[in-house]
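# Close look at the chain arrangement
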Amino acid sequence: MRNRVNTYFKTAQKTKYANREMVFKTIVMMLVYFVPLILVIASAVDQTWQLFVCFVISGLGMAGIGMGVMHDAIHGSYSKNPLINKLLGYTLNLVGANATVWRIQHNVLHHSYTNIHEGDDDINAPFFLRFSPNAEQNGLHAYQHWYAWFFYGLSTLSWVVSKDFIRLKRYYSLGLLKSKKNYHLSILKVAAWKVVYLCLALGLPILISPFGPGEIFLAFLLQHFVTGLSITLVFQTAHVMPDMAFPQADEHGMVEGERMLHQLATTSNYSEKSRIFSWMIGGLNYQVEHHLFPDICHVHYREIAPIVKATAAEFNIPYYSKKTFFDALKAHFQMLYFLGNAKLEPVKA
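Thresholds applied
Residues numbered from 1 in each chain as written. Predicted model: local features only at pLDDT ≥ 70, side-chain atom pairs only at ≥ 80, totals over all residues. Heavy atoms only, no water. 1 Å grid on protein atoms, 1.4 Å probe; cavity = no way out; pocket = protein on both sides within 12 Å on 5 of 7 lines; lining within 4 Å. Points joined across faces, edges and corners; volume = space filled by probe spheres on them. Helix = DSSP H or I, 4+ residues; strand = E, 2+ residues; numbered from the N terminus. Nonpolar A, V, L, I, M, F, W, Y, C, P; charged D, E, K, R; others polar. Salt bridge = Lys/Arg side-chain N within 4 Å of Asp/Glu carboxyl O. Buried < 20%, exposed > 50% of the residue type's maximum accessible area, 1.4 Å probe, protein only. Core = buried A, V, L, I, M, F, W, Y, C linked by side-chain atoms within 4.5 Å. Arc of directions from axis to C-beta. Polar contact = N/O pair within 3.5 Å; in protein donor to acceptor, adjacent residues only side chain to side chain. Axes fitted to C-alpha atoms, helices over the stretch in contact; angles between N-to-C directions. Parallel < 35°, antiparallel > 145°, perpendicular 65-115°, else oblique. Contact = heavy atoms within 4.5 Å. Left-handed = near helix turned anticlockwise from the far one by under 90°. Phe/Tyr/Trp six-rings, centres within 6.5 Å; stacked < 30°, edge-to-face > 60°. Patch = residues over 30% accessible without salt bridge, like charges linked within 9 Å, V, L, I, M, F, W, Y side chains within 5 Å. Areas by Shrake-Rupley, 256 points an atom, 1.4 Å probe, with all protein chains shown as cover.

### Some thoughts on empty space enclosed by the protein
Tallying each qualifying case throughout the model produces 2 cavities of 30 Å³ or more. The wall of the largest cavity is formed by 15 residues, among which Leu92, Val95, Thr156, Trp159 and Ile231 lie closest to the centre. At the level of elements, α3 (48-75), α7 (155-173) and α9 (213-236) are the ones that each hand at least two residues to the lining of the largest cavity. Among the residues forming the lining of the largest cavity, the class breakdown is 11 nonpolar, 4 polar and no charged. For the second largest cavity, the calculated volume is near 30 Å³. Among the secondary structure elements, those contributing two or more residues to the lining of the second largest cavity are α5 (99-112) and α7. The element that contributes the greatest number of residues to the lining of the second largest cavity is α5, accounting for 3 residues. Counted by class, the lining of the second largest cavity contains 5 nonpolar, 2 polar and 1 charged residues.

As structure tokens, then:
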């Protein structure tokens, strides 16, 4: 599969990194995020409804930066120049999260231990949510298919407030941060970036705009709800699905099977025919291609998907995909119900 994809790029004389479309998208997403905030800070809007519209639009820009800019940059697939990837990775810091924490959570843990309980931080949920049949079950989970969506909307807000610090501590205990000095320095850097973000998103609007602190804070909460819901739905519908496998690691943290087979068994695409939707969510509706080739920029996923699908079929390997995003949401709802209500035994490795 990898040989065939590499041959495609060589034959088409294309780079696997960003192209003009990707640069254009980067500019658009940055403008969608920053311009509404600037309008508020500059007192260019003076009606409450205009304030909320600006923060909602800015929230969509936050989601666009997260899915369509920093995601590729932190994977190193935006540019062959590491400095450009590093600088664009910092766009995540400008929307309240942190590139250092994300790199460990996503690149290291999620991509290495996809759908593995206690290994994949994307499915390691608080006690009131259950995303794996190997996670402990309680009575609240019977209703999670109704209330999970609300907490999805709070996900990025928790990044800003506490999640990054909690994960830094966990990653240090796991030995994923080099030293105690590095851990303490990382805490200071994370805190400093959050101060910069909060000054931009809350401090300056409160100090300069004509709106009161309460109005600004409510608009800020709405901004994050839009961002959190958008991002979480895109990622969760790719993995917490009825067809997906949830393997377990052994006592040494090893997973049985080949890496690419593991990714095909734990990942699903959706809405592959919608070019506009794919553009908006950073090509993450091609989640299978992303997990197989995280070193390739997402603007190329549509072209390599037929190669991946054909090769999987040739070797009789499942290639999961839902026709529309609505189909994916419906299946995710069903999976949340199943995980919350079925009496499940842990899946054996």
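We are not done yet, so read on.
### Describing the pattern of salt bridges
Enumeration according to the criterion identifies 7 salt bridges in this entry. Note that Arg2 is salt-bridged to Asp295, the shortest N-O span being 3.7 Å. With Arg2 in helix α1 (residues 2-12) and Asp295 in the loop between α12 (287-292) and α13 (301-314), this residue pair connects regions lying 293 residues apart in the sequence. The exposure class assigned to Arg2 is partly exposed, which follows from its relative accessible area of 32%. Salt-bridge contacts for Asp121 lead to Arg167; the nearest nitrogen and oxygen are separated by 3.7 Å. Placement of Asp121 in the loop between α5 and α6 (144-153) and of Arg167 in helix α7 is noted, with a sequence separation of 46 residues between them.

### Regarding the nonpolar core
With 65 residues, the main nonpolar core has Tyr33, Met67 and Tyr270 as its most contacted residues. At the level of elements, α2 (20-41), α3, α5, α6, α7, α8 (180-208), α9 and α14 (325-341) are the ones that each hand at least two residues to this core. Considering each element in turn, this core owes the most residues, 11 residues, to α3. Counting residues in each nonpolar core, the second largest holds 17 residues, with Phe9, Tyr286, Ile296 and Tyr301 among its members.

### Considerations on helix α4 (residues 82-89)
Each α-helix winds once per 3.6 residues, and so residues spaced three or four apart point in a common direction. Restricting attention to buried positions, one finds in α4 the residues Asn85, Leu88 and Gly89. Buried residues of α4, viewed axially, fall in a sector of 105 degrees; they line one side. Facing away from the buried side of α4 by over 90 degrees, the exposed positions are Leu83 and Leu87. N-cap assignment for α4: the residue whose side-chain oxygen lies 2.9 Å from the backbone N of Leu83 is Asn81.

### Remarks on the packing of α3 against α5
It is the contact of α3 with α5, at a shortest axis distance of 10 Å, that shows an interaxial angle of 70 degrees. By the angle between their axes, α3 is roughly perpendicular relative to α5. Contacts from Met70, His71, Ile74 and His75 in α3 reach Ala99, Trp102, Arg103, His106, Asn107 and His111 in α5. Grouping the constituent residues of the contact of α3 with α5 by class yields 4 nonpolar, 5 polar and 1 charged.

### Details of the packing of α3 against α9
Look at α3 against α9: their axes get within 8 Å of each other, and the N-to-C directions meet at 35 degrees. Our pair here, α3 against α9, has a crossing hand that is right-handed. Of the residues that constitute the contact of α3 with α9, the class distribution is 17 nonpolar, 8 polar and 1 charged.

### Thoughts on unusual backbone geometry
Phi angles above zero are rare outside glycine, and Gln13 is one such case at about 55 degrees. Tracing the sequence through the fold places Gln13 in the loop between α1 and α2.

### Some points on the packing of aromatic side chains
Applying the stated criterion to the full structure yields 21 aromatic pairs. Here the aromatic rings of Tyr90 and Trp193 are separated by 5.5 Å at their centres, their planes lie at 25 degrees, and the arrangement is stacked. Of this pair, Tyr90 sits in the loop between α4 and α5 while Trp193 sits in helix α8, and the two are 103 residues apart along the sequence. The exposure class assigned to Tyr90 is partly exposed, which follows from its relative accessible area of 30%.

### Quick notes on a nonpolar patch on the surface
On the surface, a cluster of nonpolar side chains totalling about 390 Å² of accessible area is made up of Val23, Ile27, Leu31, Val35 and Leu39. Inspection of the secondary structure puts Leu39 in helix α2. Leu39 gets classed as partly exposed once you look at its relative accessible area, which sits at 34%.

### Some details on the side chain of Gln236
Residue position: Gln236 is located in helix α9. A relative accessible area of 6% places Gln236 in the buried class. With sequence-adjacent residues up to four places away left out, Gln236 is seen in contact with Asp122, Phe131, Tyr152, Met241 and His332.

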